[in-house]
Amino acid sequence: MGPKSIIGLAGALIVVLVVSASVYIIPETHRGVLLRFGELIETNIPAGIHFKVPVIDQVREFDVRVLTTDLPAHQYLTVEKKPLDVDSYIAWQIADVDTFYRSTGGDEFRAQSLLSSRVDNGLRNEFGVRTMHEVVSGQRDELMHTLRDQVNETSVDEFGIRVLDIRVKAIELPQQVSENVYRRMATEREKLAQEFRSRGREAAEGIRADADRQQTVILAEAFAKSEELRGEGDGQAARIYADAYSRDEEFYSFYRSITAYQNAFSSKDDIMVIDSDSDFLRYLKDPQGATN
């Protein structure tokens, strides 16, 4: 390869390097600004192929898609002076690259810091004029929409940032307050349980007393019925005995005497003394003669 060829090749290479250094591409999701010696000479460069002066010019690109920033949890006071721990986030995007670059120097973290400060002040003001019920459920959406419109109105003009949404992810009571609320709820539940137990004991005592009363009444009625039946039985037995006795008085007189003797001498140690001239001994010696 001759000297001319080498020079031609070197020239072509230089041209390629110069052209490649002069061309830059902005992606569809980004916008750019052009700086010359650090001075802003062109802003809001759209997506596509563009040219710049090599070495002298510098291009910076910014994402114009919707971005989200989680805000650190902060504590705010409601109108009743009750503290609440609030966790929230912001959805935003760059609306004007020129204003964004001039206000933040193109630093996304600085932009997030500025937005966080505005949202923090707005939340503090909005919570301060509402009750706990309103910020938790009643007017939560209204609060977010009002705050979004307020922050967006200033951020577009000052920072070139459009605030699309501000949302509260969680609202919680501080740990100490939560413990106090828990203790108060536990005390109220224990009081209610004691009241229910007291009512239960009173009801149980009433049921037990009623059962005892019913038992007494049933036993008394049963005893009265049994006495009545026993009286009727005794009456019937007496009538039967009387009827039987009237049929053979001599036999039943003898039967009663034998029964009386049996009951009187039920023990083996009992002794009966009988007169030798008694009818009983004569009956035993001569039953026929005693009968006659």
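Below, the structure is looked at part by part. Sequence order sets the numbering: in each chain, residues are counted from 1 along the sequence as written. Only residues with pLDDT of 70 or above have their local features reported here, since the model is predicted, and side-chain atom pairs are shown and tallied only from 80 upward, although totals for entire chains, interfaces and linings are computed over all residues. Hydrogens and water molecules were not included; the side-chain quantities draw on all heavy atoms of the structure.

### Quick word on the pattern of salt bridges
If the charged atoms of two oppositely charged side chains come close together, the side chains can form a pair. Heads up, the rule is: Counted as salt bridges are all cases of a side-chain nitrogen of Lys or Arg within 4 Å of a carboxyl oxygen of Asp or Glu. Under the scheme used here, helices are H or I runs from DSSP no shorter than 4 residues and strands are E runs no shorter than 2 residues, and both carry numbers assigned from the N terminus. When a residue's accessible area, from a 1.4 Å probe over protein chains only, is under 20% of the maximum for its type it is buried; when over 50% it is exposed; and in between it is partly exposed.
Applying the stated rule across the entire model yields 15 salt bridges. Between Arg36 and Asp57 there is a salt bridge whose closest N-O contact spans 2.6 Å. Remark: Asp57 occurs in strand E5 (residues 57-63) and Arg36 occurs in strand E2 (residues 30-36); sequence separation between them is 21 residues. Residue class for Arg36 comes out partly exposed when judged on its relative accessible area of 32%. The exposure class assigned to Asp57 is buried, which follows from its relative accessible area of 5%.

### Let's talk about the nonpolar core
Our working definition: Buried Ala, Val, Leu, Ile, Met, Phe, Trp, Tyr and Cys residues form a nonpolar core when they are joined through side-chain atoms within 4.5 Å. When checking whether two residues touch, look at their non-hydrogen atoms; a contact exists if any pair is within 4.5 Å.
Among the nonpolar cores identified, the biggest contains 32 residues, and Ile90, Trp92, Val119, Leu123, Phe127 and Ile166 are the most heavily contacted of them. Breaking this core down by element, the ones donating at least two residues are E2, strand E8 (83-94), helix H2 (97-104), helix H3 (108-128), helix H5 (140-159) and strand E9 (161-172). Leu123 has contacts with Tyr76, Ser88, Leu143, Met144 and Leu147, leaving out every residue within four places of it along the chain.

### Regarding H3
Counted only if it meets this: The span one expects for a helix is its residue count, reduced by one, times 1.5 Å. Pairs of N or O atoms are called polar contacts if they sit within 3.5 Å, as long as, within protein, a hydrogen donor faces a hydrogen acceptor (for residues adjacent in sequence, only side-chain-to-side-chain pairs).
The terminal C-alpha atoms of H3, which comprises 21 residues, lie 30 Å apart, in line with the 30 Å expected from a rise of 1.5 Å per residue. Inspection of H3 places Ala111, Gln112, Leu115, Ser116, Val119, Asp120, Gly122, Leu123, Glu126 and Phe127 among the buried residues, and these make up the whole buried set. The backbone nitrogen of Phe109 has a side-chain oxygen 3.0 Å away, supplied by the residue at the start of H3, namely Asp107.

### Some words on the side chain of Glu126
Locating Glu126 in the fold gives a position in helix H3. Leaving out residues up to four positions away in the same chain, Glu126 has contacts with Leu143, Thr146 and Gln150.

### Details of the pairing of strand E7 (residues 74-77)
Our working definition: The pairing criterion for strands is at least two bridges between them, as found by DSSP.
The pairing of E7 with E8 spans four bridges and is classified as antiparallel. Directly across from His74, in E8, lies its bridge partner Val86. Between E7 and E8, which pair antiparallel in sequence order, lie five residues; one of them, Lys81, sits at a positive phi of approximately 65°.

### A few points about the sheet that holds strand E3 (residues 39-45)
Paired through their backbone hydrogen bonds, the strands of a sheet run either parallel or antiparallel. For clarity, the cut-off: For helices, the fitted line uses only the C-alpha atoms of the stretch in contact; every axis is such a line through C-alpha atoms, and the angle between N-to-C directions lies from 0 to 180 degrees.
Within the open sheet, the three strands sit side by side as E3-E2-E5. Their pairing is antiparallel. Across the chains shown, the open sheet's two edge strands, defined by having one partner strand only, are E3 and E5. If you compare each strand with its neighbour and ignore which way they point, the axes differ by 20° on average. Direction of pairing for E2 relative to E5: antiparallel, over a ladder of seven bridges. Bridge assignment links Arg31 to a residue of E5, and that residue is Phe62.

### A few points about a nonpolar patch on the surface
Which entries qualify depends on this criterion: Patch construction takes residues with relative accessible area above 30% that form no salt bridge. Like charges are linked within 9 Å, and nonpolar side chains (Val, Leu, Ile, Met, Phe, Trp, Tyr) are linked within 5 Å. All accessibility values rest on the Shrake-Rupley procedure with a 1.4 Å probe; residue burial counts only the protein chains present in the view.
A cluster of nonpolar side chains, Phe37, Val53, Val55 and Ile56, forms an exposed patch at the surface whose accessible area comes to about 440 Å². The residue Ile56 is located in the loop between strand E4 (48-51) and E5 in this model.

### A short note on the packing of H2 against H3
Formally: When describing relative orientation, an angle under 35 degrees is termed roughly parallel and one over 145 degrees roughly antiparallel, while 65 to 115 degrees is termed roughly perpendicular and anything else oblique. Residue type decides the class: Asp, Glu, Lys and Arg count as charged, Ala, Val, Leu, Ile, Met, Phe, Trp, Tyr, Cys and Pro as nonpolar, and the leftover types, Gly among them, as polar.
At a minimum axis separation of 9 Å, H2 and H3 run at an interaxial angle of 85°. Viewed along their axes, H2 and H3 adopt a mutual orientation that is roughly perpendicular. Counting all contacts with H2, which are made through Phe100, Ser103 and Thr104, the residues of H3 involved are Glu108, Arg110, Ala111 and Leu114. Residues of the contact of H2 with H3, tallied by class, amount to three nonpolar, two polar and two charged.

### Focus: the packing of aromatic side chains
Note the following rule: Planes of paired rings set the category: under 30 degrees apart is stacked, over 60 is edge-to-face and the rest tilted, where pairs are Phe, Tyr or Trp rings (Trp by its six-membered ring) whose centres lie within 6.5 Å.
What the rule picks out here adds up to three aromatic pairs. Considering the side-chain rings of Phe62 and Phe100, the 5.6 Å spacing of their centres and the 75° angle between planes classify their relative orientation as edge-to-face. Note that Phe62 is positioned in strand E5 and Phe100 in helix H2, a separation of 38 residues in sequence. For the pair formed by Phe62 and Phe100, the shared burial category is buried. With a centroid separation of 5.5 Å and 40° between ring planes, the pair formed by Tyr76 and Phe127 is classed as tilted. With Tyr76 in strand E7 and Phe127 in helix H3, the pair connects residues that are 51 residues apart, well separated along the chain. On the basis of relative accessibility, which here comes to 3%, the residue Tyr76 falls in the buried class. Note on Phe127: relative accessible area 1%, which makes it buried. By the ring-pair criterion, three or more aromatic residues cluster together here, those being Phe62, Phe100 and Tyr101.

### So, the pairing of E2
Burial within E2 is extensive, with five of its seven residues counted as buried. From the end of E2 to the start of E3, which pair antiparallel, there are two residues, and Phe37 there has a positive phi angle of about 55°.

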